[in-house]
Amino acid sequence: MVTLSFQDFTFDAKPEYVRFNFLTLYYFDVPQDEIEASGIVEVRKKELVFKTEKQYVAEHALNTLLQKHFPHLINRIKKNETTYIHKNSGIPLLGTLYFGIVDRNTNVIDLKPITGCNIDCIFCSVDMGRRERDFIVEKDYLVQETEKVVAFKNTENIHIVINPHGDPTLYHDLAPLVRDLKKIKGVKTVAIYTNAVLLSKKLVDELAVAGLDQCSVSLHAMNPEKAKKVEGAPINIEHIKDNVRYAAKYFEIVIAPVLMMGINDAEIPLIIDFAKSVQGKFPVKIGIQNFLSYEYGKKPAKELPWNAFYNYLDELEREKGFDLHPKFDIVPSAKLPKPFQKGDIVEADVKCPGRLPGEVIAVAKDRCITVLKCPQGKQKVKVKITRSKHNIFYGFAV
Ligand code: SF4
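Along each chain, numbering runs from 1 in the same order as the chain's sequence is written. This being a predicted model, a pLDDT of at least 70 is required before a residue's local features are given, and a value of 80 or more before pairs of side-chain atoms are given or counted; all residues contribute to the totals for chains, interfaces and linings.

*Asks:* What is the right way to look at the overall build of the protein in this model?
*Replies:* Counting its regular elements, the protein contains nine helices and 25 strands. With the principal axes as the frame, the protein shows a C-alpha extent of 75 × 50 × 40 Å. Exposure is read from a count of other C-beta atoms within 10 Å of each residue's own; the residue is exposed at 12 or fewer, buried at 20 or more and partly exposed in between. C-beta atoms are placed from the backbone. The buried share of the protein, reckoned over its 398 residues, is 37%. Contacts here follow a simple rule: the backbone-placed C-beta atoms of the two residues must lie within 7 Å. Contacts spanning at least 24 positions in sequence make up 69% of the contacts within the protein whose residues lie at least 6 apart. Under the scheme used here, helices are H or I runs from DSSP no shorter than 4 residues and strands are E runs no shorter than 2 residues, and both carry numbers assigned from the N terminus.

*Asks:* It is not clear to me how the domain arrangement of the protein should be interpreted in this structure. Could you clarify?
*Replies:* How big an interface is tends to be stated in terms of the accessible area lost upon association of its parts. For every domain, the bounds stem from an assignment made automatically or drawn from a database. Along its sequence, the protein is organised into domain 1 (2–72), domain 2 (81–320) and domain 3 (345–397). Taking only C-alpha atoms into account, the centre of domain 1 sits 34 Å from that of domain 3.

*Asks:* Hey, could you run me through the pairing of strand E23 (residues 367–372) in this one?
*Replies:* Moving residue by residue along a regular strand, the side chains alternate between the two faces of the sheet. Judged by how many residues are buried, E23 sits mostly within the fold: five of six residues are covered. Pairing of strand E22 (residues 360–364) with E23 involves five bridges; the strand directions are antiparallel. Bridging across to E23, Ala362 finds its partner in Ile369. For two strands to pair, DSSP has to find at least two bridges joining them. Bridge count for E23 against strand E25 (residues 394–397) is three bridges, and the pairing is parallel. In the strand pairing of E25, Leu372 is matched with Phe396.

*Asks:* Mind showing me how you'd approach the sheet that holds strand E17 (residues 252–255) here?
*Replies:* Hydrogen bonds along the backbone pair up the strands of a sheet, which may run parallel or antiparallel. Pairing in this open sheet of seven strands is mixed, and the strands run E9-E10-E13-E15-E16-E17-E19 from one edge to the other. One side of each edge strand has no neighbouring strand; the edge strands of this open sheet are strand E9 (100–103) and strand E19 (285–286). Across two bridges, the pairing between E17 and E19 is parallel. Bridge assignment links Val254 to a residue of E19, and that residue is Lys285. Each of strand E13 (158–162) and strand E15 (187–194) is contacted by helix H4 (residues 174–182), which is oriented at about 160° to E15, the strand it contacts most. Whenever a helix is involved, its axis is fitted only over the stretch in contact; in every case the axis is a line through C-alpha atoms, and angles between N-to-C directions fall within 0 to 180 degrees.

*Asks:* I would appreciate a short explanation of the nonpolar core in the present structure.
*Replies:* Here is a general trend for soluble globular proteins: nonpolar side chains tend to be buried in one another's company. By convention the nonpolar core is taken to be a set of buried residues drawn from Ala, Val, Leu, Ile, Met, Phe, Trp, Tyr and Cys and joined through C-beta atoms within 7 Å. Counting residues in hydrophobic clusters, the biggest one holds 97 residues, and the most contacted among them are Ala362 and Ile369. The contacts of Ile369, once residues within four sequence positions are left out, are Gly95, Val346, Ala348, Ala362, Ala364, Val383, Phe393 and Gly395.

*Asks:* Which parts of the structure should I look at to understand the sheet that holds strand E1 (residues 2–5)?
*Replies:* Spatial ordering of the open sheet is given by E1-E6-E5, a layout of three strands whose pairing is antiparallel. On the outer flanks of this sheet lie E1 and strand E5 (40–43), each paired with one strand and no other. For this sheet, the mean inter-axis angle between neighbouring strands, taken without regard to orientation, is 25°. Of the pairings in the sheet, the one linking E1 to strand E6 (residues 47–50) comprises four bridges and is antiparallel in character. Note that in E6 the partner of Val2 across the bridge is Phe50. Strands E1 and E6 of the sheet are contacted by helix H2 (residues 55–69), whose axis makes an angle of about 50° with E1.

*Asks:* Quick question: what am I supposed to make of the pairing of strand E24 (residues 380–387) here?
*Replies:* With five bridges connecting them, strand E21 (residues 345–353) and E24 associate as antiparallel partners. Bridge pairing in E24 links Val346 to Val383. In this structure, E24 lies alongside E25, joined through four bridges in antiparallel fashion. Following the sheet pairing, Arg387 is matched in E25 by Tyr394.

*Asks:* Quick question: what am I supposed to make of helix H8 (residues 268–277) here?
*Replies:* Structurally, the α-helix is built with 3.6 residues per turn, so residues lying three or four positions apart point the same way. Within the sequence span of H8, burial applies to Ile268, Ile271, Ile272 and Ala275. Take H8 and look down its axis: the buried residues cluster within an arc of 100°, on one side only. Those residues of H8 that are exposed and angled more than 90 degrees off the buried face are Asp273 and Ser277. Looking at the buried positions of H8, the neighbouring elements they touch are E17, strand E18 (258–259), E19 and helix H9 (306–320). It is the directions from the helix axis to the C-beta atoms that the arc portrays.

*Asks:* Please explain the environment of Gly166 as it appears in this structure.
*Replies:* Secondary-structure assignment places Gly166 in strand E14 (residues 165–166). Along the sequence, Gly166 and Val126 sit 40 residues apart, while their C-alpha atoms lie 8.7 Å from each other. The contact partners of Gly166, leaving out residues within four places of it in the chain, are Ile114, Thr115, Gly116 and Cys117.

*Asks:* Sorry, what's going on with the environment of Gly377 here?
*Replies:* Tracing the chain through its elements places Gly377 in the loop between E23 and E24. We classify Gly377 as exposed; it has 6 C-beta atoms within 10 Å. Each C-alpha atom of the pair Gly377 and Asn63 lies 24 Å from the other, and the pair is 314 residues apart in sequence.

*Asks:* Explain the packing of helix H3 (residues 139–153) against H4 here, please?
*Replies:* When two helices pack together, their arrangement is given by the angle between the helix axes and the distance between those axes. Interhelical geometry of H3 versus H4 gives an angle of 25° and a closest axis separation of 10 Å. Between H3 and H4, the interaxial angle falls into the category roughly parallel. Crossing hand, H3 versus H4: right-handed. Residues Lys139, Leu142, Val143 and Thr146 of H3 pack against Pro176, Leu177, Asp180 and Leu181 of H4. Residue polarity follows a fixed list, in which Ala, Val, Leu, Ile, Met, Phe, Trp, Tyr, Cys and Pro are nonpolar, Asp, Glu, Lys and Arg are charged, and the others, Gly among them, are polar. Here the contact of H3 with H4 is composed, by residue class, of five nonpolar, one polar and two charged. Each angle receives one of four descriptions, namely roughly parallel if under 35 degrees, roughly antiparallel if over 145, roughly perpendicular if within 65 to 115, and oblique otherwise. We call a crossing left-handed when the near helix sits turned anticlockwise from the far one by less than a right angle, and right-handed when that turn is clockwise.

*Asks:* Please explain unusual backbone geometry as it appears in this structure.
*Replies:* Peptide bonds are mostly trans, and most non-glycine residues show a negative phi. We note that Thr24 has phi near 70°; this positive angle belongs to a residue other than glycine. Note on placement: Thr24 falls in the loop between strand E3 (17–22) and strand E4 (26–31). You will see that Lys365, though not glycine, has its phi angle at about 45°, which is positive. Structurally, Lys365 can be placed in the loop between E22 and E23.

*Asks:* What exactly am I supposed to notice about the environment of Gly262 here?
*Replies:* Assignment of secondary structure puts Gly262 in the loop between E18 and H8. Of the residues examined, Gly262 has 9 C-beta atoms within 10 Å and is grouped as exposed. C-alpha of Gly262 to C-alpha of Ser277: the two residues are 15 residues apart in sequence and 26 Å apart in space.

Given below as structure tokens:
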């Protein structure tokens with residue numbers, strides 16, 4: 001018999017099917033008749049035992065199962081189908097806001113290793129409830145492609161921000177990702193943006209060992225009932241405070257509430273009081289964000305005009321004696337080449353569905369293009385580019 005062992009998979013045998021769990025958060029189910037037909041005679045936690053004596057027969061049987069079922073990977077939080085983007089997927093990591101690398105021509109590079117969130121904020125700019133599909137990017141692929149972008153920029157002053165459409169603590173390989181990014185020549189700091197609900201002392205320890213420099217915590221209220229209302233889920237504020245205090249011993253903390261007038265403005269002074277009380281390696285910063293309304297985001301409040309927002313910050317800063325205008329080291333840097341411009345017509349290969357109904361992710365010239373309202377079932381599509389800013393490409397089929 002042949003036993004195959006796995007690092008990224010675990011298995012749960014049920015009477016009707018075997019659940020293949022992938023990177024903790026994802027799974028697909030294989031019916032028992034297919035398990036038997038593939039020659040699997042025993043299912044262990046991290047191993048599959050095949051009846052055959054030949055390794056290649058077992059591997060072929062496994063590959064056949066994976067080819068059929070892996071495209072139907074499910075994110076167990078919202079049960080969205082999920083696309084795994086890896087080195088051999090033929091999907092580049094530049095071009096979309098959903099996953100991969102976003103470079104806005106500065107020394108700050110955003111990385112998006114995952115989509116999907118564990119909470120449901122009332123102001124979420126990407127409104128997870130409208131998103132039908134999730135993405136997860138292979139850690140080594142993300143590191144490899146980030147290294148190329150950093151090398152292109154040719155500076156020693158790159159700040160990497162892990163800032164997905166969702167929460168980075170859901171990414172199974174978060175600490176190894178931080179560790180590997182810190183090894184890239186030219187990377188000065190690595191930061192994460194998190195809602196901190198899943199932050200734990202164990203994860204803080206792992207991130208500290210990996211070399212994390214900064215953790216931005218989106219905390220929008222100190223009152224648990226108010227936090228639940230704003231973040232759409234029960235929030236254990238004491239747990240978050242405890243972990244923020246602990247994390248502040250190891251890396252810089254930026255508390256980043258979103259200000260929504262009439263909803264959580266009374267909570268902001270309490271958040272500042274908490275920030276002042278934290279004794280850490282560095283002083284805790286506060287980066288209050290003005291609520292902004294996005295086309296596909298939620299809209300619980302009106303946007304505050306920018307001059308009113310800055311007046312609010314100035315007044316609160318005076319009242320609290322706390323810097324509410326933190327400075328970040330952002331400077332222009334080399335621009336990646338843009339293979340197409342707004343208005344171009346491009347022939348592209350359709351790779352997978354997008355996050356919204358009718359959307360697909362298509363690929364041309366080593367860039368992803370998010371194609372809106374694409375006719376279904378096509379393998380190739382002609383796309384008119386409607387946005388090309390910062391190497392983020394949108395278009396529609398012509
Ligand atoms: S934590 Fe961020 S991604 Fe998650 S629901 Fe809130 S705003 Fe959206």
